[in-house]
Amino acid sequence: MGNLIKVLTRDIDNNSGNFFLDFENAQPTEAEKQQWEQVNEVLMEAQGILQDLQSYSGAGEAIRQAIQQPNDERVQETAWAAVVPLVNKLKKFYEFSVKLEGTLHGLLGFLTSAHCSPTQHLEQEQALARQFAEILHFTLRFDELKMTNPAIQNDFSYYRRTLSRMRINNMTEEENEVNNELANRMSLFYANATPMLKTLSDATTKFVSEMKGCIKVLRDQPPNRVEGLLNALRYTTKHLHDETTSKQIKNMLQV
């Protein structure tokens, strides 16, 4: 959470935080509109994600019966039939997290662009700032619902165990919407207590790392080809010498 906020508020302390965010009445300006519409589409989908997660009841009873009667093929088939659609729903949640990561990347790029300071961005682009807050609200709500529903982990664990048995017995898994490779990726996501917050935190770290990477690529080029661009970064970047600017970025841009 700290990484997310720091990206947007690195100069607010120096400006005493004297600005007003009117989240209730914020409307996108013409400059914001395209970015706002892209984010809004994802936020609309987020509401359905929360509704589906809130109504997630799990297949606990069917799984218990399958564990207690491992040799009853009918009971095993019943449990599998109950778990598969639930895991497909978990797949939808996971895929949405990937989409949200990309959306946050674009939003951070807009809200931290160099044409003005983070404080000015928050003042002048309040509709996007509100969407950033809505993404955080969704994230916290998603993780709250996930943490309080043990059926998610139980269902997914049973699915993976059954999938492993199918592979050992040379049974095909091609017809399953969630194959072993995808299940492994989903497992890493759901293993976190707060998976959606980790996704956004990782997205923010990646966003900052890409900025460092761009500078490194320039530094690795012949000086006569890129010195002009590096000088532009050195002498026109407003917050290069701020205490809150990464030491790595400062070192990269040293003459």
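Here the structure is a predicted model, which means the values were calculated and not measured.

**Thoughts on the overall build of the protein chain**
Of regular secondary structure, the protein chain possesses eleven helices and zero strands. Along the chain direction, N to C, the helices and strands of the protein chain fall in the order α-α-α-α-α-α-α-α-α-α-α. Of all 255 residues assigned to the protein chain, the portion counted as buried reaches 40%.

**Here we look at the packing of aromatic side chains**
Following the criterion strictly, the structure yields eight aromatic pairs and no others. A centroid spacing of 5.9 Å and a plane angle of 45 degrees characterise the contact between F138 and F142, whose relative ring orientation is tilted. Taken together, the positions of F138 and F142, both in helix α6 (residues 126-147) and four residues apart, correspond to about one turn of that helix. Taking the centre distance of 6.5 Å and the plane angle of 55 degrees together, the rings of F142 and F189 count as tilted. Of the two residues, F142 sits in helix α6 while F189 sits in helix α8 (residues 180-190), which places them 47 residues apart along the sequence. Overall, F142 belongs to the buried group, its relative accessible area being 0%.

**Structural notes on the side chain of Q35**
Relative to the assigned elements, Q35 resides in helix α2 (residues 33-54). When near neighbours in sequence (up to four residues on either side) are disregarded, Q35 contacts T103, G106, L107, F110, L128 and Q131.

**Details of the nonpolar core**
Within the largest apolar cluster, 51 residues are counted, with the highest numbers of intra-cluster contacts made by L90, L100, F138, F142 and M186. Sorting the residues of this core by element identifies α2, α3 (60-68), α4 (73-111), α6, α7 (151-168), α8 and α9 (195-219) as the ones contributing at least two each. Ranked by residues supplied to this core, first place goes to α4 with 15 residues. Not counting residues within four places of it along the chain, the set of residues in contact with F138 comprises A46, I49, L50, F96, L100 and M196.

**Observations regarding the environment of F142**
Each C-alpha atom, one on F142 and one on F93, is 9.6 Å from the other, the two residues being 49 residues apart in sequence. For F142, the contacting residues outside a window of four places in its chain are I49, L50, L53, F93, F189, P195 and M196.

**Focus: the packing of α2 against α4**
A pair of packed helices can be characterised by two numbers: the angle between their axes and the separation between those axes. Axis separation between α2 and α4 bottoms out at 10 Å; the angle between their running directions is 150 degrees. Between α2 and α4, the interaxial angle falls into the category roughly antiparallel. Both α2 and α4 take part in a crossing whose hand is left-handed. Contact with α2, carried on its side by Q35, V39, V42, E45, A46, I49, D52 and L53, involves K89, K92, F93, F96, K99, L100, T103, G106, L107 and F110 of α4 and no other residues of that element. When its residues are assigned to classes, the contact of α2 with α4 shows ten nonpolar, three polar and five charged.

**Digging into the pattern of salt bridges**
Counted according to the given criterion, the structure contains nine salt bridges. A salt bridge links K91 to E177, with the nearest nitrogen and oxygen atoms 3.3 Å apart. With K91 in helix α4 and E177 in the loop between α7 and α8, this pair connects stretches of sequence that are 86 residues apart. Taking the relative accessible area as the measure of exposure, K91 reaches 12% and is therefore buried. Of the residues examined, E177 reaches a relative accessible area of 48% and is grouped as partly exposed. Ionic pairing is found between R185 and E181, a salt bridge with its closest N-O pair at 3.5 Å. You can see R185 and its partner E181 sitting in helix α8, four residues apart, about one turn around the helix.

Rules used throughout
Residues numbered from 1 in each chain as written. Predicted model: local features only at pLDDT ≥ 70, side-chain atom pairs only at ≥ 80, totals over all residues. Heavy atoms only, no water. Helix = DSSP H or I, 4+ residues; strand = E, 2+ residues; numbered from the N terminus. Buried < 20%, exposed > 50% of the residue type's maximum accessible area, 1.4 Å probe, protein only. Phe/Tyr/Trp six-rings, centres within 6.5 Å; stacked < 30°, edge-to-face > 60°. Contact = heavy atoms within 4.5 Å. Core = buried A, V, L, I, M, F, W, Y, C linked by side-chain atoms within 4.5 Å. Axes fitted to C-alpha atoms, helices over the stretch in contact; angles between N-to-C directions. Parallel < 35°, antiparallel > 145°, perpendicular 65-115°, else oblique. Left-handed = near helix turned anticlockwise from the far one by under 90°. Nonpolar A, V, L, I, M, F, W, Y, C, P; charged D, E, K, R; others polar. Salt bridge = Lys/Arg side-chain N within 4 Å of Asp/Glu carboxyl O.

In short, the description is geometric, and any link to function would need to be established separately.
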